[in-house]
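Results of the structural survey
Letter by letter, the chains look like this.
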Amino acid sequence: MTALTATPPAICLLLLGLASRCSGLHIPPHDAVARVARFVANQVTWASMATISSHDPVRGQPFSNAFSVSDGPLGRGSGVPYFYLTRMEVSVQDLKVNPQASLSMSLAQTDYCAQQGFDPQSPLCAHVILSGSVLQVNDTAEAEFAKKWLFWRHPEMVDWPSDHDWFFAKFNISQVWVLDYFGGVKTVTPEEYFQATPFRKHPHSG
Ligand SMILES: *[C@@H]1O[C@H](CO)[C@@H](O)[C@H](O)[C@H]1NC(C)=O
Ligand SMILES: *[C@@H]1O[C@H](CO)[C@@H](O)[C@H](O)[C@H]1NC(C)=O
């Protein structure tokens, strides 16, 4: 099974309620920065996306909004955050004017940080900011992948109103920023990000 669904080690079960360091999540080492980024991008089910607003009275200013995301199956994500969007949505209207955006994802959106006793602003509560742009997915096979794994993570999407002209989109990454330890933000190129293997392959480690 995947790291997320792995059974906590037996010692954790014994100490449950006392020890907080028993999250089922096996986060990669903090110095494997690209792996941490891929891990966070795979674990979260939603992200905050800042666009440049096209709406008065904040036209031209950053506008941050929550979006459901999926990059694929848990433990085997593609690294590409996919979205299910409608042009009726306020931020999507911004993207039509300017597709550039910033996508923020944090392990605070999982049980991990609370279980470890890490405040969401602590770098130990790993968070990742993607810079880039949002593009409609035109390739049929890629759209099928996006649909499969978005609807798997977000089962109610299948019932979203059909007259809203939903489409699949992806975040086209130009730079990855990682806060996963003390000492300031670290950057990862898209090439490093996509080459990284976020999960350990040994069966015993999940
Ligand atoms: C899909 O097509 C639209 C319209 O031509 C274009 O703006 C967009 O960049 C394309 N998406 C990708 C991933 O190339
Ligand atoms: C996607 O991002 C890469 C890296 O920043 C950039 O070179 C490329 O032009 C982008 N693609 C589109 C269709 O905007």
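What you are looking at is a predicted structure, and each value in this text was computed from that prediction instead of being measured.

With 14 residues, helix α5 (residues 140-153) ought to run about 20 Å at 1.5 Å a step, and its terminal C-alpha atoms sit 20 Å apart, in line with that. Listed in full, the buried residues belonging to α5 are F145, A146, W149 and L150. Projected down its long axis, α5 carries its buried residues within an arc of 115°, all on one side. Turned more than 90 degrees away from the buried face of α5, the exposed residues are T140, A141 and E144. The inward-facing, buried residues of α5 abut β3 (82-85) and β6 (167-179).

Here the focus is the site of ligand 2. Taken together, the neighbourhood of ligand 2 is formed by G132, S133, L135, N172 and S174. Of all the elements in the fold, those that place two or more residues in the shell around ligand 2 are β5 (127-136) and β6. For the shell around ligand 2, the element with the most residues is β5, which contributes three residues. Tallied by class, the residues present in the shell around ligand 2 amount to one nonpolar, four polar and no charged.

Of all hydrophobic cores here, the largest spans 43 residues; its most connected members are V36, A37, V40, V128, V176 and V178. When residues of this core are traced back to their parent elements, those giving at least two are α2 (33-43), β1 (46-52), β3, β4 (100-106), α4 (112-116), β5, α5 and β6.

Here we take up unusual backbone geometry. A cis amide bond links D56 with the next residue in sequence, P57, at an omega value of 5°. Positionally, P57 belongs in the loop between β1 and β2 (62-68). Here the phi dihedral of D165 falls at roughly 55°; this positive angle occurs in a residue that is not glycine. Along the chain, D165 falls in the loop between α5 and β6.

Time to look at the environment of Q136. Position of Q136 relative to the elements: it lies in strand β5. Q136 gets classed as partly exposed once you count the C-beta atoms within 10 Å, which come to 13. Taking the C-alpha atoms as reference points, Q136 and K170, separated by 34 residues in sequence, lie 6.4 Å from one another. Excluding its chain neighbours within four sequence positions, the residues that come into contact with Q136 are F167 and A169.

The next subject is the confidence of the model for the protein. Averaged over all residues, the pLDDT of the protein is 89; the fraction at 70 or higher stands at 85%. Throughout residues 1-22 the model reports pLDDT below 50, and contacts reaching past four residues in sequence, or to other chains, amount to 29 contacts.

How each quantity is defined
- Residues numbered from 1 in each chain as written.
- Chains lettered and ligands numbered in written order.
- Predicted model: local features only at pLDDT ≥ 70, side-chain atom pairs only at ≥ 80, totals over all residues.
- Helix = DSSP H or I, 4+ residues; strand = E, 2+ residues; numbered from the N terminus.
- Expected span 1.5 Å × (residues − 1).
- Buried ≥ 20, exposed ≤ 12 C-beta atoms within 10 Å, placed from the backbone.
- Arc of directions from axis to C-beta.
- Contact = placed C-beta atoms within 7 Å.
- Near = placed C-beta within 6 Å.
- Nonpolar A, V, L, I, M, F, W, Y, C, P; charged D, E, K, R; others polar.
- Core = buried A, V, L, I, M, F, W, Y, C linked by C-beta atoms within 7 Å.
- pLDDT = per-residue confidence, 0-100.

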